[in-house]
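# Descriptive analysis of the structure
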2 protein chains.
Amino acid sequence: MSLVSPALHWDRSHFDRDDGISALASTPPDARSLPPANRGEVEVAFCLRHAGMRTLRLRYESVGAAGLPVVLVAGGISADRHLAPNAVDDAAGWWPSQVGEGRALDPRDHRLLSFDWVGADGALDAVIDPADQADAIAALLDALGIPALHAFVGCSYGAMVGLQFAQRHGHRLGRLVAISGTHRAHPYASAWRALQRRAVALGALQCDEVHGLSLARQFAILSYRTPEEFESRFAAPQVRGGRVHVGAEDYLDHCAARFAARTSPTAYLRLSESIDLQAVEPERIRVPVTVVAVAEDRLVPVADAYALVERLRGETRLRVLRSPYGHDAFLKEDTAIAAVLATALTDEHAPVLEESAA
Amino acid sequence: MSLVSPALHWDRSHFDRDDGISALASTPPDARSLPPANRGEVEVAFCLRHAGMRTLRLRYESVGAAGLPVVLVAGGISADRHLAPNAVDDAAGWWPSQVGEGRALDPRDHRLLSFDWVGADGALDAVIDPADQADAIAALLDALGIPALHAFVGCSYGAMVGLQFAQRHGHRLGRLVAISGTHRAHPYASAWRALQRRAVALGALQCDEVHGLSLARQFAILSYRTPEEFESRFAAPQVRGGRVHVGAEDYLDHCAARFAARTSPTAYLRLSESIDLQAVEPERIRVPVTVVAVAEDRLVPVADAYALVERLRGETRLRVLRSPYGHDAFLKEDTAIAAVLATALTDEHAPVLEESAA
């Protein structure tokens with residue numbers, strides 16, 4: 001554990017958002033129907049695995065009553081602490097399909113805790129290991145006085161960090177749901193990300209980081225989606241103004257512009273790198289894990305999910321979904337994902353109380 | 001047919017190469033053991049489908065005696081007229097595994113004709129349709145006094161152009177072997193290429209076309225290869241100098257530097273675009289076609305090869321290969337490709353003498 005004396009700075013009025021998505025700084029008119037929520041941040045002195053001691057500001061959001069079992073919810077590198085509309089922020093969040101009253105992650109049943117990834121604000125220009133994120137979550141739990149998580153639900157990078165947490169802090173975890181993320185980064189996916197980082201660097205050379213970041217994001221979207229989706233969605237190329245314009249370009253432009261406007265290039269580079277450092281030893285994990293893989297995923301091959309399941313030592317379940325959305329299925333296949341979550345969270349797993357080997 | 005009055009400029013001493021690969025301007029010492037070859041160029045006035053009348057210089061290479069049945073051999077957009085070592089150029093060429101004495105494409109059995117793609121020299125900054133390439137080949141045949149091809153063997157873009165030739169000039173074609181290229185560009189592959197072109201454009205903004213072209217090529221390589229190959233080939237990422245360096249980066253750098261040094265950005269952009277304009281109607285093709293697809297191909301999904309085969313109207317054969325090299329299998333799976341070529345070229349197909357519908 002690299003946590004050193006966390007200092008608590010709980011700020012219930014910390015409503016400003018740093019992701020540029022439409023958000024309100026004051027409670028919206030219909031907030032009374034939205035679940036109550038807390039936002040805050042804690043400052044911790046922290047030893048990064050590859051970059052030494054730093055002071056980190058951990059920004060979290062919590063929805064649901066304090067006495068409920070706590071579920072940590074974490075998404076991809078571009079996700080943040082805001083999961084779904086709540087009383088302090090009625091913006092959509094990144095997972096409104098699964099989070100909310102009557103949904104799979106219901107704040108009436110669980111206290112849903114989430115945080116902004118270490119590095120997400122762009123202030124930390126250093127190598128960030130996924131293990132650092134897991135340790136930061138442990139530090140956050142300490143600061144908030146939460147001894148253990150009922151569950152960790154992670155998607156993509158969140159699943160990778162969830163596996164790190166299960167390995168390093170397994171005594172504080174009841175069960176893990178790891179969706180579309182495994183114990184390692186596949187070398188092909190790593191190459192794809194390295195080239196995205198080069199696109200950012202190419203833009204930076206001409207002081208046009210937004211342009212480079214947009215291009216990087218567009219290549220990333222290709223890796224998140226599938227040929228099947230593009231086949232059904234985009235028309236044939238056209239010649240326009242002496243150039244060939246392909247069907248997906250307008251869509252990719254739109255997505256990338258939105259992304260680049262709300263993302264720090266430094267944050268993108270460091271969190272992208274972080275994915276490539278994923279190196280969990282599944283044999284060291286004893287907590288129950290539900291592994292969810294998508295057959296069409298071009299970033300996380302289903303074979304890696306099989307390998308993970310074979311190597312895990314606790315109670316393990318594998319669910320393989322089919323989806324034309326590939327790696328992004330967790331954002332799109334609402335019914336299938338909800339069913340997985342419902343089963344995984346209501347199972348009568350005995351809490352695993354052994355000491356962590358980490 | 002858009003051919004207008006080809007003017008012949010046959011130049012047997014035109015030995016200079018424009019692709020930067022090591023080449024000799026004079027006959028090498030061991031040239032007596034290499035097959036005799038001709039290189040030349042013809043200038044034609046030509047109506048491009050999307051860009052009107054132009055004067056084009058068609059650069060060709062021919063190996064094998066004049067009286068032999070002629071086989072046109074064409075590769076991907078970065079391939080050129082030099083297939084394999086011969087008496088005028090002992091450089092390796094792009095297909096030495098299949099071309100040469102004792103190989104599947106043997107200049108003692110066939111006269112092997114090849115040419116540099118229209119646009120490959122970078123002098124033509126205009127939209128180039130794959131149909132233009134097929135018509136340019138017809139113009140080249142006119143100029144060389146070749147009434148018909150025994151066969152057209154095309155790989156990747158070459159297969160696309162081969163299908164165009166079969167549709168537009170079927171009366172001049174005995175059979176087609178279309179390897180890893182079909183009647184259309186898949187929308188996902190088109191998006192991938194469009195982003196590569198944006199990488200070139202991003203480089204051009206800072207007057208660093210080589211940097212942009214390198215990045216584009218690196219993304220292209222990912223599309224040509226497969227996760228299976230990268231899995232077996234590259235080591236885990238490392239932290240070097242405060243950055244994450246992934247296993248494939250050195251390899252990608254090496255390939256891209258070699259490519260960027262010998263490729264005109266304009267040529268790359270225009271030929272990349274050209275792929276996306278592919279639009280053949282297979283129902284209009286009556287010549288025998290052998291379609292070769294690779295199950296792992298991430299650019300040309302095997303489903304597109306199935307669709308092509310279903311729609312072709314002449315004698316049709318399908319060969320589906322498995323290869324960790326994906327789209328690049330034609331450059332790597334020497335034995336399997338040689339077997340396909342041997343069968344396709346020696347079959348007792350009756351020449352198809354019908355008039356082309358084009």
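Residues numbered from 1 in each chain as written. Chains lettered and ligands numbered in written order. Predicted model: local features only at pLDDT ≥ 70, side-chain atom pairs only at ≥ 80, totals over all residues. Heavy atoms only, no water.

### Some points on the interface of chain B and chain A
Across the contact, 49 residues belong to chain B and 49 residues belong to chain A. Buried area between chain B and chain A, both sides added, is near 4400 Å², and the carbon and sulfur share of it is 65%. Across the pair Arg198(A) and Glu249(B) runs a salt bridge, and its minimum N-O distance is 3.0 Å. The interface formed by chain B and chain A contains 18 residue pairs in polar contact (both at pLDDT 80 or more). Of all elements in the fold, only α3 (187-205), α4 (209-224), α5 (227-233), β9 (243-245), α6 (249-262) and α7 (265-276) of chain B reach the threshold of two or more residues within the side of chain B that touches chain A. (Contact = heavy atoms within 4.5 Å. Buried area = accessible area lost by both parts, 1.4 Å probe. Salt bridge = Lys/Arg side-chain N within 4 Å of Asp/Glu carboxyl O. Polar contact = N/O pair within 3.5 Å; in protein donor to acceptor, adjacent residues only side chain to side chain. Helix = DSSP H or I, 4+ residues; strand = E, 2+ residues; numbered from the N terminus.)

### Section: the pattern of salt bridges
All names here are of chain B. Taken as a whole and judged by the stated rule, the model has 56 salt bridges over all chains. Notably, a salt bridge pairs Arg-57 with Glu-43, separated by 2.8 Å at the nearest N-O pair. In this pair, Arg-57 is assigned in strand β3 (residues 52-63) and Glu-43 in strand β2 (residues 37-48), connecting sequence segments 14 residues apart. A residue is classified by how much of its surface remains accessible, and Arg-57, at 42% relative accessible area, is partly exposed. For Glu-43, a relative accessible area of 24% translates into the label partly exposed. Residue Arg-59 pairs with Asp-121 through a salt bridge whose shortest N-O separation is 3.0 Å. With a gap of 62 residues between them, Arg-59 in strand β3 and Asp-121 in the loop between β5 (111-115) and α1 (130-144) connect regions that are remote in the sequence. On the accessibility criterion, Asp-121 (37% relative accessible area) is partly exposed. (Buried < 20%, exposed > 50% of the residue type's maximum accessible area, 1.4 Å probe, protein only.)

### Let's talk about the state of the cysteines
Residues and elements named next belong to chain B. Overall, the coordinates contain zero disulfides over all chains when judged by the stated rule. Here Cys-255 is not cross-linked by a disulfide; its sulfur's nearest cysteine counterpart is in Cys-155, at 19 Å. When its relative accessible area of 15% is taken as the criterion, Cys-255 is described as buried. (Disulfide = S-S within 2.5 Å.)

### Some details on the relation of the copies chain B and chain A
Superposing chain B onto chain A takes a rotation of 180° plus a shift of 0.0 Å along the axis, which leaves an RMSD of 0.0 Å. When the rotation and shift are considered jointly, the pair of chain copies conforms to a two-fold rotation axis. The C-alpha atom lying nearest the rotation axis in chain B is that of Gln206(B); the distance is 2.9 Å. With an isologous cut-off of 70% or more, the 100% of interface residues of chain B that recur at the interface of chain A puts this contact in the isologous class. (Least-squares fit on C-alpha atoms with pLDDT ≥ 70 in both.)

### Considerations on the nonpolar core
Membership of the largest hydrophobic core comes to 56 residues, with the highest contact counts inside it found for Trp192(A), Leu222(A), Trp192(B) and Leu222(B). Sequence-distant contacts of Trp192(B), defined by excluding residues within four places in its chain, comprise Tyr188(A), Trp192(A), Phe219(A), Leu222(A), Arg298(A), Phe219(B), Leu222(B), Ser223(B), Arg298(B) and Leu299(B). (Core = buried A, V, L, I, M, F, W, Y, C linked by side-chain atoms within 4.5 Å.)

### Section: a nonpolar patch on the surface
Taken together, the side chains of Tyr306(A), Leu318(A) and Val320(A) make up a nonpolar region of the molecular surface, amounting to roughly 230 Å² of accessible area. Mapping Val320(A) onto the fold places it in strand β11 (residues 316-321). (Patch = residues over 30% accessible without salt bridge, like charges linked within 9 Å, V, L, I, M, F, W, Y side chains within 5 Å. Areas by Shrake-Rupley, 256 points an atom, 1.4 Å probe, with all protein chains shown as cover.)

### Considerations on unusual backbone geometry
Residues and elements named next belong to chain B. Although it is not a glycine, Ser-156 adopts a positive phi angle of roughly 60°. Mapped onto the elements, Ser-156 comes out in the loop between β6 (151-155) and α2 (157-168). Given the relative accessible area of 13%, Ser-156 is considered buried. Phi at Ser-180 takes a positive value of approximately 55°, unusual for a residue other than glycine. Under the relative-accessibility criterion, Ser-180 is labelled buried at 3%.

### Observations concerning the confidence of the model for chain A
Residues and elements named next belong to chain A. Taken residue by residue, chain A gives an average pLDDT of 89. The fraction at 70 or more is 88%. The model gives residues 1-29 a pLDDT under 50, and that stretch makes 66 contacts with residues more than four places away or in other chains. Contacts for the low-pLDDT stretch residues 350-358, under 50 throughout, to residues beyond four places or in other chains number 18 contacts. Of the two predicted TM-score estimates for the complex, the pTM is 0.87 and the ipTM is 0.85. (pLDDT = per-residue confidence, 0-100.)

### Notes on α3(B)
Residue and element names in this part refer to chain B. Its 19 residues give α3 an end-to-end C-alpha distance of 27 Å, which sits within 8% of 27 Å, the value for a rise of 1.5 Å per residue. Across the 19 residues that make up α3, a large majority, 16, are buried. Taken from the residues just after α3, Cys-207 is the one with a positive phi, measuring 55°. (Expected span 1.5 Å × (residues − 1).)

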